[in-house]
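The chain contents come next:
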There are 4 protein chains.
Amino acid sequence: VHRSVAIAKNCESRANQLRALLFSPELAFLMEAHNGLTARVVSDEGFQGIWASGLSMSAALGVRDRNEASWTQVLDVLDFMVDASSVPILVDGDTGHGDFNNVRRFVRKLCQRGVAGVCIEDKQFPKTNSFLSEYQPLVSVEEFCGKIRAAQDTKLDDDFCVVARVEALISGLGMGEAIKRACAYHAAGADAILIHSKKSTAAEIFEFMRLWEGRCPVVIVPTKYASTPASAFRQAGVSTVIWANHNLRASLAAVRATTRRVRDEQSVAGLDESIATLDEVFSTVGMAEIEEAERRYLPQH
Amino acid sequence: VHRSVAIAKNCESRANQLRALLFSPELAFLMEAHNGLTARVVSDEGFQGIWASGLSMSAALGVRDRNEASWTQVLDVLDFMVDASSVPILVDGDTGHGDFNNVRRFVRKLCQRGVAGVCIEDKQFPKTNSFLSEYQPLVSVEEFCGKIRAAQDTKLDDDFCVVARVEALISGLGMGEAIKRACAYHAAGADAILIHSKKSTAAEIFEFMRLWEGRCPVVIVPTKYASTPASAFRQAGVSTVIWANHNLRASLAAVRATTRRVRDEQSVAGLDESIATLDEVFSTVGMAEIEEAERRYLPQH
Amino acid sequence: VHRSVAIAKNCESRANQLRALLFSPELAFLMEAHNGLTARVVSDEGFQGIWASGLSMSAALGVRDRNEASWTQVLDVLDFMVDASSVPILVDGDTGHGDFNNVRRFVRKLCQRGVAGVCIEDKQFPKTNSFLSEYQPLVSVEEFCGKIRAAQDTKLDDDFCVVARVEALISGLGMGEAIKRACAYHAAGADAILIHSKKSTAAEIFEFMRLWEGRCPVVIVPTKYASTPASAFRQAGVSTVIWANHNLRASLAAVRATTRRVRDEQSVAGLDESIATLDEVFSTVGMAEIEEAERRYLPQH
Amino acid sequence: VHRSVAIAKNCESRANQLRALLFSPELAFLMEAHNGLTARVVSDEGFQGIWASGLSMSAALGVRDRNEASWTQVLDVLDFMVDASSVPILVDGDTGHGDFNNVRRFVRKLCQRGVAGVCIEDKQFPKTNSFLSEYQPLVSVEEFCGKIRAAQDTKLDDDFCVVARVEALISGLGMGEAIKRACAYHAAGADAILIHSKKSTAAEIFEFMRLWEGRCPVVIVPTKYASTPASAFRQAGVSTVIWANHNLRASLAAVRATTRRVRDEQSVAGLDESIATLDEVFSTVGMAEIEEAERRYLPQH
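Q: Teacher, can you tell me more about helix H7 (residues 174-187) of chain A here?
A: Owing to its 3.6 residues per turn, the α-helix brings residues three or four apart onto one side. All names here are of chain A. If you check H7, its first and last C-alpha atoms are 20 Å apart, about what 14 residues at 1.5 Å a residue would give, namely 20 Å. Of all the positions in H7, only Met175, Ala178, Ile179, Arg181, Ala182 and Tyr185 are classed as buried. Down the axis of H7, the buried set is contained in an arc of 165°. They therefore lie on one face. The exposed residues of H7 that point more than 90 degrees off its buried face are Gly176 and Ala187. Next to the buried residues of H7 lie helix H6 (141-154), strand S5 (161-166), strand S6 (192-195) and helix H8 (203-212). Phi turns positive, to about 120°, at Gly189, one or two residues after H7.

Q: Just checking my understanding: could you explain the interface of chain A and chain C for this structure?
A: Frequently, the measure chosen for interface size is the accessible area removed from exposure when the parts meet. Each partner contributes to the interface: chain A provides 20 residues, whereas chain C provides 20 residues. Between chain A and chain C, roughly 1400 Å² of surface is buried when both sides are summed, and carbon and sulfur atoms account for 42% of that area. Three residues, Arg66, Glu68 and Arg105 of chain A, lead the burial of chain A against chain C; their summed loss comes to 30% of the area buried on that side. Measuring nitrogen to oxygen at the nearest pair gives 3.0 Å for the salt bridge that ties Asp99 of chain C to Arg66 of chain A. Our count for the chain A to chain C interface comes out at 11 residue pairs in polar contact (both at pLDDT 80 or more). Counting only elements with at least two residues in the side of chain A that touches chain C, the list comes to helix H4 (71-84) and helix H5 (100-113) of chain A. Among the elements that line the side of chain A that touches chain C, the one with the most residues is H5 of chain A, at 5 residues.

Q: What am I meant to see in the relation of the copies chain C and chain D here?
A: With an axial shift of 0.0 Å and an RMSD of 0.0 Å, the rotation relating chain C to chain D amounts to 180°. The operation mapping one copy onto its partner corresponds to a two-fold rotation axis. Of the C-alpha atoms belonging to chain C, the one lying closest to the rotation axis is found on Ser251 of chain C, 2.3 Å away. Mapped onto chain D, 100% of the interface residues of chain C again fall at the interface, so both copies present the same surface.

Q: Please clarify how the pattern of salt bridges should be interpreted in this entry.
A: Applying the stated criterion to the full structure yields 112 salt bridges over all chains. Glu45 of chain D is paired through a salt bridge with Arg260 of chain C; the nearest N and O atoms lie 3.0 Å apart. Taken as a pair, Glu45 of chain D in the loop between helix H2 (36-44) and strand S2 (49-52) and Arg260 of chain C in helix H10 (residues 246-265) lie in two separate chains rather than in one. Residue classification places Glu45 of chain D among the buried positions, given a relative accessible area of 9%.

Q: Is there a simple way to think about the sheet that holds strand S7 (residues 218-220) of chain D in this case?
A: Strand pairing in a sheet relies on backbone hydrogen bonds. The paired strands run either parallel or antiparallel. Residues and elements named next belong to chain D. Here we have 8 strands rolled up into a closed barrel, ordered S1-S2-S3-S4-S5-S6-S7-S8, and parallel in their pairing. With strand direction ignored, the average angle separating the axes of adjacent strands in the sheet is 25°. Pairing of strand S1 (residues 28-33) with strand S8 (residues 240-243) involves 4 bridges; the strand directions are parallel. Along S8, the bridge assignment pairs Leu30 with Ile242. Of the strands in this sheet, S1 and S8 are in contact with helix H10 (residues 246-265), which crosses S1 at around 40°.

Q: Before we go on, may I ask you to explain the interface of chain C and chain D in this structure?
A: Contact with chain C, which involves 72 residues of that partner, is made by 72 residues of chain D. Across the chain C to chain D interface the summed buried area is about 6600 Å²; carbon plus sulfur atoms make up 68%. Of all residues in chain C, Glu45, Arg64 and Phe80 of chain C give up the largest surface area on contact with chain D, accounting jointly for 11% of the area buried on that side. Counting across the chain C and chain D interface gives 10 salt bridges. The partner of Arg64 of chain C in a salt bridge is Glu289 of chain D, and the shortest N-O contact between them spans 2.9 Å. On the surface where chain C and chain D come into contact, there are 26 residue pairs in polar contact (both at pLDDT 80 or more).

Q: Sorry, what's going on with the packing of aromatic side chains here?
A: Where two aromatic rings form a pair, the distance of their centres and the angle of their planes describe that pair. This structure, assessed with the given rule, holds 30 aromatic pairs over all chains. Judged by centre distance (6.0 Å) and plane angle (75°), the ring pair of Tyr225 of chain B and Phe233 of chain B falls under edge-to-face. Across the pair, Phe233 of chain B and Tyr225 of chain B agree in class, each one buried. The interplanar angle of 15° and the centroid separation of 5.6 Å between the aromatic rings of Phe208 of chain D and Trp212 of chain D together place this pair among those described as stacked. One end of the pair, Phe208 of chain D, and the other, Trp212 of chain D, are both in helix H8 (residues 203-212), 4 residues apart, so they sit about a helical turn from each other. The two residues Phe208 of chain D and Trp212 of chain D agree in class, both being buried. Ring-pair connections join several aromatic residues into one group, and the members of that group are Phe206, Tyr225 and Phe233 of chain A. Sitting over the face of the ring of Trp212 of chain A, Arg215 of chain A holds its NZ or CZ atom 5.0 Å from the ring centroid.

Q: Just checking my understanding: could you explain the relation of the copies chain A and chain C for this structure?
A: Comparison of the two chain copies shows a relationship of rotation about an axis with a shift along it. For the pair chain A and chain C, the best superposition has an RMSD of 0.0 Å and corresponds to a rotation of 180° with a translation of 0.0 Å parallel to the axis. Comparing interface residues between copies, 100% of those in chain A also sit at the interface in chain C, which points to an isologous, same-surface contact.

Q: Sorry if this is basic, but what is going on with the environment of Ala236 of chain D here?
A: Residues and elements named next belong to chain D. Along the chain, the position of Ala236 falls in helix H9 (residues 230-236). When the C-alpha atoms of Ala236 and Glu207 are compared, they prove to be 9.3 Å apart, with 29 residues separating the residues in sequence. When near neighbours in sequence (up to four residues on either side) are disregarded, Ala236 contacts Phe206 and Met209.

Q: Could you clarify how one ought to interpret the packing of helix H10 (residues 246-265) of chain A against helix H2 (residues 36-44) of chain B in this entry?
A: Packed helices, taken two at a time, are described by the angle between their axes plus the distance between the axes. At a minimum axis distance of 10 Å, the contact between H10 of chain A and H2 of chain B shows a crossing angle of 30°. The angle between the axes of H10 of chain A and H2 of chain B places the two elements in the roughly parallel class. Classified by chirality, the crossing of H2 of chain B by H10 of chain A is right-handed. Residues Leu248, Leu252, Val255, Arg256 and Thr259 of chain A of H10 of chain A lie in contact with H2 of chain B, whose contacting residues are Leu37, Thr38, Val41 and Val42 of chain B. Here the contact of H10 of chain A with H2 of chain B is composed, by residue class, of 6 nonpolar, 2 polar and 1 charged.

Q: Would you explain a negative patch on the surface in this entry?
A: Residues Asp76 of chain A, Asp76 of chain B, Asp76 of chain C together with Asp76 of chain D make up a contiguous surface patch of negative charge. For Asp76 of chain D, the location among the structural elements is in helix H4 (residues 71-84). Taking the relative accessible area as the measure of exposure, Asp76 of chain D reaches 41% and is therefore partly exposed.

Quick notes on the rules
- Residues numbered from 1 in each chain as written.
- Chains lettered and ligands numbered in written order.
- Predicted model: local features only at pLDDT ≥ 70, side-chain atom pairs only at ≥ 80, totals over all residues.
- Heavy atoms only, no water.
- Helix = DSSP H or I, 4+ residues; strand = E, 2+ residues; numbered from the N terminus.
- Expected span 1.5 Å × (residues − 1).
- Buried < 20%, exposed > 50% of the residue type's maximum accessible area, 1.4 Å probe, protein only.
- Arc of directions from axis to C-beta.
- Contact = heavy atoms within 4.5 Å.
- Buried area = accessible area lost by both parts, 1.4 Å probe.
- Salt bridge = Lys/Arg side-chain N within 4 Å of Asp/Glu carboxyl O.
- Polar contact = N/O pair within 3.5 Å; in protein donor to acceptor, adjacent residues only side chain to side chain.
- Least-squares fit on C-alpha atoms with pLDDT ≥ 70 in both.
- Pairing = 2+ DSSP bridges.
- Axes fitted to C-alpha atoms, helices over the stretch in contact; angles between N-to-C directions.
- Phe/Tyr/Trp six-rings, centres within 6.5 Å; stacked < 30°, edge-to-face > 60°.
- Lys NZ or Arg CZ within 6 Å of the ring centre and 35° of its normal.
- Parallel < 35°, antiparallel > 145°, perpendicular 65-115°, else oblique.
- Left-handed = near helix turned anticlockwise from the far one by under 90°.
- Nonpolar A, V, L, I, M, F, W, Y, C, P; charged D, E, K, R; others polar.
- Patch = residues over 30% accessible without salt bridge, like charges linked within 9 Å, V, L, I, M, F, W, Y side chains within 5 Å.
- Areas by Shrake-Rupley, 256 points an atom, 1.4 Å probe, with all protein chains shown as cover.
- Lys, Arg positive; Asp, Glu negative; His and termini not counted.
- Charge placed at Lys NZ, Arg CZ, Asp CG, Glu CD.

Quick look at the structure:
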């Protein structure tokens, strides 16, 4: 078997796997990652896929979730994440970084980099985080459908997934608008709908599920309504749950606590219980392979 | 007062501050950071300076500490770190990414990006992490002194610091070679010497300090000999202690534990105690400023 | 004299020089460049400043003048241009790459990279080239003034110049709208006004100059009305003329002719008259300095 | 037919096409390009392939052919070149940017970006241009063979080509060493040998061809011995001729002449004969497609 064929298969397979997750009757889970290291961990620990969160990637870079990082800076992060992992990555594409043409460039590059799918949302560029500020204007249905069609026409791999994120509930436009938009986006070619809510219960989500009637897979982000158990989402027919920013938040808490403790104690001696060993760092990034490769490729003395 | 002057002063001040730390009789501490977010935390929590660790930056990117990230990819990380922090950053420059001319380009860009100093080491490019493999050949004293002089001649700010890292103890060449090299590097213009050791006690470090006789500031990295208290370093006349990789290790441990727990529980509901809130994420990256800026710069309805 | 001061002065000086050009009673000329090499040539050949054209930079990259290159990709081009030249660079900032906040990030990075000034225009993001398509909607005066104020509040060097480009004539909104907008932009803090026209004569420009009455410096781009002599612009009180895209066009013509000829002749033997020698290439990029530096920094055998 | 299959085929086809060129009995020609625009021109004008010259790419960036641009900066240039063209690109990989492991990373990224092949040379990192300085030390045969094997083991597409450049003649080590190295590199897996010469006649090349006896395809770079006709190379059994830097040199000459003329004449009015029209610029980068796409994807009024 030619390697090129194997590769083609392999390139397909991540997008393929994401598509399978979305369309499977099983409830699937995507875990947030925001750089190569966290993508490796999520992949190694057995998650079926990775959510490359816009909030998390920008926060890790030290900037705000408001398109402060350029779309090519996001791409650079994703390049490391794809290399470090072996499961499909669905990237939070915000608004697509401009109009339909920016969406086309972004999707083309995502496919070349091996990202499995993109989620774009119907807010205006530059975007604002959905949990901030009350009223955030949406783009017209017609304009957003143009972006979905542009993404689908541009993708380099039939299995690459385009998920349309409906912000109508977040923007206070009501369930009717949410369903109307979801239907339009689905008709325009979206593979799945991400319905976003910032309510503290999942009632809104369940109502959407009832009205949606399984037209296409539905993805949810239980950040604010985290107390609802997975079984309830399963029963409601949700396709995929995204745990959207918890690795970033775990990392921030750990770094702050560690920094404070080392500052106060002027010592790292007491940290051993709470931090990974150097060997764990080396094994996570694959140092062992280098030693083997040096034996294979370097002149031996 | 012209802002340009203020800026010039400000640009100076981080390199200035690093220089002051190095030459002060007080024992100073630099805490590792590896991206914009961790640089912000270290800066906010009151550390005097940041160690931009090569091991940590590469591990965060998901690659190995073997010059797998290009020097401009490192620069991109540093750009975010400078923007996110307000204390001086000393960057782990590995071997300088090639010969004297690569050192010149790297130093020039570091100065433009606002980094306060660089530490270069006398190993060969591409470098290997000092805690891996037994024998690592060093470059000649003459070649390394050329790099130090090139760095000093190139820097755009007189206060920018060039720290020469001596790997002789790590490479098993003995104390005589370490002192000989440190003297040569100091004579070539190094502002400070970083003496590296992988022994589990600080005996080697203390011997170096006795023989060194305060020719210039000495920087140490107590990773393997972490149980030695700071007071002992203070007494020995050490200038600066680097806590070299503990935020990365704290982050890795937290992310792995969080990922495993969410995978097993199919829920994030129980995480609240162990992760930062979304509000902490927003405040760490400065979201509040955006709201104020929107009032100032956006049309008001 | 401390080098840091010299540098600070030098950093000031490019923005300073651009400011001096704009406010001088002499007619000044900026010549287009689109990469490091062309910036070096324009600088070496004695032009007072460089116009980093959006059209030219994107065309050189092989993409369209429609924000297909991200703003950080533009920044990467500018980084090389600043390093390769010693005269001030005014960059074509298009619409500022988003809203006021994107303008702030762009301006901050431009200042750090040593660019002397930015020109932003009152069209919508993503922009379209002004010579294409008839109707191009402008943003509101209020929104654009917010961008100008954001740029001025953000700049790291008091001398950094913010030029406001008025597209009212291009968009067919008439002279009244052009003057109204120019006045508002000037009041919002623009250092100079770029009045753009795609008429084949300069009549429109001269009318603007009469009505403008020297409120602040005016910059023009005689691409379509190239037959008007410089003396006429001088007499009309224009501050600065931009030759906007001619090096890119010269380069494209030369490359196409060379490629065709080599294809047809299957030989490069006849090209000598029409191409630079290798020595000219080496001297343009400063190869001689390397030999001298090798003697200074490399071990001598 | 699935697009993913078509894409896989298409991805294969550029490397495939390069492989076919190298192994075909016909003499093939690669023309130098150094950015997206020139890659487009070379592709549009009917050349079978593109030589992404290290000298030209670095000169266009304004830096020296001495690994001043990082390997990821080169990658960024190549990304634009692949997008802008439709013929195979063979990239000048210099020494591979470090040791075998840097070669592996570079090759992996080249395959992901759609580059068809890489040429690596047996000099030391950082490299110096072959036409400069007399004595340039080579790496050992064993070390270089390790790089070739590493490249072949890493490539993601079986058709991706690894060309080994022999610098023995350039370094004055004689024909025996050149043949010895070529044989070793071929045995290590090189798909083709690039034999480089800086003599003003092709005698050395022809002697190499006689001694080589067609073990594998031979690539040459007739820059110094440009007066030799293609027919002579054909007769000698050369596989592929690279016109290595002539578009960069054409561009430099044109830009310098244009800049001088505009400076002297304070006008662009007389340039029309010697520069491309704006319409040619727009059509070269594909502006027409945008208008069509806007009709398809933007809301119509």
